[in-house]
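Spelled out, the chains give:
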Amino acid sequence: MAVHDIQNTASTRESIIDVRGLEVGFGDVTVLKDLDLTVYRGEILGFVGASGTGKSVLLRAILGLNQKRAGTIDVFGEPYSQMDERERVHVEERLGVLFQHGALFSALNVIQNVQVPMREHWRLDKPMMDRLAAVKLSMVGLPEDAALKAPSELSGGMIKRAALARALALDPDVVFLDEPTSGLDPLGAAAFDELISDLRSALGLTVFMVTHDLDSLFSVCDRVAVLGNQKVLTVGPVEEVRRFDHPWVQDYFNTGRAVGRGSPAATRLE
Ligand SMILES: Nc1ncnc2c1ncn2[C@@H]1O[C@H](COP(=O)(O)OP(=O)(O)OP(=O)(O)O)[C@@H](O)[C@H]1O
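Just so we're clear, the structure is a prediction, and the values are computed from it rather than from any experiment.

K.L.:
Looking at this model, I keep getting lost on the pairing of strand β2 (residues 15-26). Mind explaining?
P.N.:
Both faces of the sheet carry side chains from a regular strand, because those side chains alternate between them. Of the strand pairs in this sheet, β2 and strand β3 (residues 29-40) are connected by eight bridges, and their pairing is antiparallel. Its bridge partner being in β3, F26 is matched across the sheet by V29. In sequence, β2 turns back onto β3 through a hairpin of two residues, with G27 there showing a positive phi of about 60°. Judged from the five bridges that link them, β2 and strand β5 (residues 70-75) form a sheet pairing that is antiparallel. When the bridges of β5 are listed, I17 appears paired with V75.

K.L.:
Whenever I open this one, unusual backbone geometry confuses me. Can you help?
P.N.:
Although it is not a glycine, F76 sits at a positive phi angle of roughly 55°. Residue placement: F76 occurs in the loop between β5 and β6 (78-79). At N229, a position not held by glycine, the phi torsion is positive, near 50°. Looking at where N229 falls in the secondary structure, it is placed in the loop between β10 (223-228) and β11 (231-236). The class for N229 is partly exposed, based on 13 C-beta atoms found within 10 Å.

K.L.:
Would you mind showing me how to read the site of the ligand here?
P.N.:
With respect to spatial proximity, the complete set of residues near the ligand consists of F26, V31, G49, S51, G52, T53, G54, K55, S56 and V57. Counting residues per element, the shell around the ligand draws most heavily on helix α1 (residues 55-62), at three residues.

K.L.:
Whenever I open this one, the environment of V238 confuses me. Can you help?
P.N.:
Residue position: V238 is located in helix α8 (residues 238-241). For the pair V238 and D222, spaced 16 residues apart in the sequence, the C-alpha separation amounts to 7.7 Å. Among residues more than four places away in sequence, those in contact with V238 are L217, F218, C221 and V224.

Reading guide: rules and limits
Residues numbered from 1 in each chain as written. Predicted model: local features only at pLDDT ≥ 70, side-chain atom pairs only at ≥ 80, totals over all residues. Pairing = 2+ DSSP bridges. Helix = DSSP H or I, 4+ residues; strand = E, 2+ residues; numbered from the N terminus. Buried ≥ 20, exposed ≤ 12 C-beta atoms within 10 Å, placed from the backbone. Near = placed C-beta within 6 Å. Contact = placed C-beta atoms within 7 Å.

This is how it looks when you write it as structure tokens:
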């Protein structure tokens with residue numbers, strides 16, 4: 001079945017990630033099949049679907065961390081799987097990732113965490129890396145004294161911000177966010193959404209955001225893609241996607257649960 005693309009703007013916008021006919025599975029289990037999805041430069045794309053449908057599997061497949069069985073994934077117009085090592089490393093530098101729960105290295109302090117990608121990809125002396133990492137921490141709104149703290153000393157919101165600073169370490173074109181607001185209180189989640197939106201405007205970022213958070217979809221996402229039946233069922237502006245005739249979509253968006261952040265109803269969706 002072809003993707004139901006409510007707002008097909010392919011002719012006018014630059015595709016940054018183009019997934020066609022993707023199949024990913026593990027052993028006897030097929031998680032994704034015949035999946036098509038395009039991410040356009042400069043947009044914030046929200047990616048939703050029931051728990052366990054394969055949102056993180058897709059994110060990891062795009063990053064080359066999950067093997068695909070079939071299909072193509074083009075990143076910046078080039079097929080990822082056909083790149084040589086040098087091209088792949090270059091593309092990796094343009095993709096920042098905030099994994100679910102932040103995934104900071106517990107043995108490193110905050111500024112050292114931010115410097116991990118810099119050490120892997122760049123040859124810079126320590127004073128320069130310290131200066132660059134400090135800029136990233138300030139961009140995500142962390143106070144200066146957070147730099148030398150261990151991850152265990154940070155609040156949930158600060159962990160997300162530190163992980164975002166690490167995702168931004170190499171000045172990427174695209175950031176992948178896996179459930180960035182999960183575990184945050186309503187105000188913290190709203191502040192994080194605002195930060196994403198501000199960074200997109202300031203840096204011209206493209207954002208691929210896996211989320212369960214309805215408020216994020218309505219407040220910051222330009223388009224929303226829905227994963228179901230192993231593929232993208234529909235993609236478009238949230239106000240149109242919410243009208244898509246599919247039981248999960250109707251249940252998720254339109255059963256009175258798409259209400260304010262932090263309400264008991266909204267919390268059930270986390
Ligand atoms: N490395 C792996 N080996 C085997 N099965 C896997 C692997 N990674 C993911 N899966 C399976 O793929 C399915 C989809 O997992 P995934 O984490 O992508 O779901 P999700 O949509 O992100 O869920 P949630 O919203 O709960 O985070 C699950 O059944 C999961 O067990």
